[in-house]
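So you can see what is in the structure, the chains are spelled out below.
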Amino acid sequence: MEEGTSKEPTPCVGNQDDYDALQWDVREGCEVRQILDRVADKWSLLVIAILESRTLRFTELRREIDGISQRMLTVTLRQLERDGLVRRTVYPVVPPRVDYALTPMGTTLHTTIRSLVTWTEEHQERIAEARARYDARADAEAGLSAEPASAGR
């Protein structure tokens, strides 16, 4: 079993009428938190996005995802398969052939991911501007605090 998950995760307490979006955030064993941790990590998002329109072999997936290690791709695919988002098909040939595809549930998640990517694309310039303002302010504040005490004498 994967570290950080339990066989029987605890459901978030409450029902739709008293739902608090932060309730899952404070309890490590909460199933919603575990699922969000999985599907929101950068490698899972990329794998789901790439598999949206096609079935790929491991090496093809690895070529598509710049910067992912073989180990990290293996771990990510296993986790997504465990969660029912990716289907792994092994063909009994030599050498072995293994294909990966999104399950129907994984495809529904891709729709949500596409919305997130669209939002990011629409706001990337404003985010870059906000980052530049923040960095300039932080640099200015760091410069003030870095002045030697004797500078004013």
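Notes on the structure follow. Source: prediction; values computed, not measured.

Remarks on the overall build of the protein
The helix and strand inventory of the protein stands at five helices and three strands. Its helices and strands taken in sequence order, the protein reads α-α-β-α-α-β-β-α from the N to the C terminus. Counting the 153 residues in the protein, one finds 25% classified as buried. Of the accessible surface of the protein, which amounts to about 11,300 Å², a share of 53% is contributed by carbon and sulfur atoms.

Here's the deal with the sheet that holds strand E1 (residues 56-57)
The pairing of strands in a sheet happens through backbone hydrogen bonds and is either parallel or antiparallel. The strand order across the open sheet formed by three strands is E1-E3-E2, and the pairing between neighbours is antiparallel. Each of the sheet's edge strands pairs with one partner strand only, and the pair in question is E1 and strand E2 (86-91). Where E1 and strand E3 (residues 97-102) come together, two bridges link them in antiparallel fashion. Paired with Leu 56 across the bridge in E3 is Tyr 100.

A look at the packing of helix H2 (residues 42-51) against helix H5 (residues 104-145)
One way to put it is that H2 packs onto H5 with a least axis distance of 9 Å and a crossing angle of 110 degrees. With respect to each other, H2 and H5 are oriented roughly perpendicular. Along the contact surface, H2 presents Leu 45, Ile 48 and Ala 49, while H5 presents Gly 106, Leu 109, His 110 and Ile 113. Of the residues contributing to the contact of H2 with H5, the split by class is five nonpolar, two polar and no charged.

Topic: the pairing of E2
Note: E2 against E3, six bridges, orientation antiparallel. Pairing of Arg 87 across the sheet is with Ala 101, part of E3. Remark: five residues form the turn of the hairpin made by E2 and E3, two consecutive strands paired antiparallel.

Conventions used here
- Residues numbered from 1 in each chain as written.
- Predicted model: local features only at pLDDT ≥ 70, side-chain atom pairs only at ≥ 80, totals over all residues.
- Heavy atoms only, no water.
- Helix = DSSP H or I, 4+ residues; strand = E, 2+ residues; numbered from the N terminus.
- Buried < 20%, exposed > 50% of the residue type's maximum accessible area, 1.4 Å probe, protein only.
- Areas by Shrake-Rupley, 256 points an atom, 1.4 Å probe, with all protein chains shown as cover.
- Pairing = 2+ DSSP bridges.
- Axes fitted to C-alpha atoms, helices over the stretch in contact; angles between N-to-C directions.
- Parallel < 35°, antiparallel > 145°, perpendicular 65-115°, else oblique.
- Contact = heavy atoms within 4.5 Å.
- Nonpolar A, V, L, I, M, F, W, Y, C, P; charged D, E, K, R; others polar.

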